Structures are given as structure tokens and as C-alpha cells.
Amino acid sequence: RDEFQALAMQDAMEPLFLEYGVNVVFVGHVHAYERTYPVANGQTSMESGVTYVTIGDGGNREGHSDSYLVKPDWSAYRNGTEFGHGRVQFYNATTAIWQWRRDVDAEPTSADEAVWTNNFL
């Protein structure tokens with residue numbers, strides 16, 4: 001969302017994430033859902049980037065955070081209008097599947113899904 005706190009934290013932490021081969025970072029606070037493509041130094045990098053998942057859409061009395069700026073190239077999926085939750089399934093030491101599910105769906109259905117492979121092992 002390009003919020004000051006998020007950008008400051010990313011600037012401070014991303015060099016460490018990249019140095020130590022972090023594949024994915026889960027964050028909250030913003031009352032919305034967004035998943036990035038792998039990012040390194042502000043650019044999409046499928047080989048060496050970090051995927052950021054903002055999963056702050058569990059529900060609150062303040063409502064959703066839906067005042068997005070124009071969708072940047074590094075944003076894979078976003079939703080600021082519905083509450084939801086996430087699920088991670090680890091299949092082995094190198095592969096995990098992420099699913100984001102909207103709470104309004106009667107049956108468990110993935111509105112967003114990603115497969116992560118740890119290339120750093």
C-alpha cells in the first residue's frame with residue numbers, strides 16, 4: 001500500500017531477508033490482503049526475491065483498508081473489500097502452497113493461491 005511504516009520496515013529488513021534467503025514474509029496491520037511477486041530492491045525478481053503477504057483482513061470495527069494506489073507491477077493479488085484468512089500447507093522441505101480464502105464463500109475456495117519453492121536450500 002506504500003504506507004510509510006511498511007516502506008521503512010521493508011527498507012530496514014529486506015537486505016537481511018535477501019542475505020539469508022528468506023522466501024516469504026507475512027505481515028499484518030493493514031486491514032486488507034495483498035501478495036507480491038518475489039521482490040528484491042524494489043523490483044520483481046523471480047530468482048532471488050522475497051514474497052510479501054499482507055494478511056490483515058481478519059475483520060475489525062474500523063472496516064477495510066481499500067484506498068489503494070494504482071496497482072504496481074510487483075503486486076500479484078490484492079483485495080481490500082472482503083474479510084478472509086490464509087492457509088499454508090508444507091509438502092516437504094522445499095515446497096509450500098499458500099491459499100487466501102474469502103470469508104464470504106460458503107465453501108472453502110482459494111481466491112488467491114501461490115506455490116513457493118525454497119531455492120536456497
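Residues numbered from 1 in each chain as written. Predicted model: local features only at pLDDT ≥ 70, side-chain atom pairs only at ≥ 80, totals over all residues. Heavy atoms only, no water.

Caption draft 1: Just the overall build of the chain, in detail. In terms of helices and strands, the chain carries one helix and nine strands. In sequence order, the secondary structure elements of the chain are arranged as α-β-β-β-β-β-β-β-β-β. Taking all 121 residues of the chain together, 32% fall into the buried category. The contacts in the chain between residues at least 6 apart in sequence include a share of 53% that link residues at least 24 apart. With the model as given, the accessible surface of the chain reaches about 7500 Å², and the carbon-plus-sulfur share is 54%. (Helix = DSSP H or I, 4+ residues; strand = E, 2+ residues; numbered from the N terminus. Buried < 20%, exposed > 50% of the residue type's maximum accessible area, 1.4 Å probe, protein only. Contact = heavy atoms within 4.5 Å. Areas by Shrake-Rupley, 256 points an atom, 1.4 Å probe, with all protein chains shown as cover.)

Caption draft 2: Examining the sheet that holds strand S1 (residues 24-27) more closely. Taking strand neighbours across the sheet as the criterion, the four strands line up as S1-S5-S2-S6 in an open arrangement whose pairing is mixed. With one partner strand each, in any of the chains shown, S1 and strand S6 (75-79) form the two edges of the open sheet. With direction set aside, neighbouring strand axes in the sheet form an average angle of 10°. Both strand S2 (residues 33-36) and strand S5 (residues 51-55) contribute to a ladder of three bridges, which runs antiparallel. Of the residues in S5, the one forming a bridge with Glu 34 is Thr 54. (Pairing = 2+ DSSP bridges. Axes fitted to C-alpha atoms, helices over the stretch in contact; angles between N-to-C directions.)

Caption draft 3: Up close: a nonpolar patch on the surface. A cluster of nonpolar side chains, Phe 26, Val 88 and Phe 90, forms an exposed patch at the surface whose accessible area comes to about 310 Å². Summarising the element assignment, Phe 26 is placed in strand S1. (Patch = residues over 30% accessible without salt bridge, like charges linked within 9 Å, V, L, I, M, F, W, Y side chains within 5 Å. Salt bridge = Lys/Arg side-chain N within 4 Å of Asp/Glu carboxyl O.)

Caption draft 4: Broad picture of the packing of aromatic side chains. Tallied over the entire structure, the rule returns eight aromatic pairs. Ring geometry for Tyr 33 against Trp 98: centres 6.4 Å apart, planes inclined by 20°, an arrangement best described as stacked. Here the residue Tyr 33 occupies a position in strand S2, and Trp 98 occupies one in strand S8 (residues 95-102), the gap between them amounting to 65 residues. When its relative accessible area of 3% is taken as the criterion, Trp 98 is described as buried. A centroid spacing of 6.2 Å and a plane angle of 20° characterise the contact between Trp 98 and Trp 116, whose relative ring orientation is stacked. Of this pair, Trp 98 sits in strand S8 while Trp 116 sits in strand S9 (residues 110-117), and the two are 18 residues apart along the sequence. The same class applies to Trp 98 and to Trp 116, which are both buried. (Phe/Tyr/Trp six-rings, centres within 6.5 Å; stacked < 30°, edge-to-face > 60°.)

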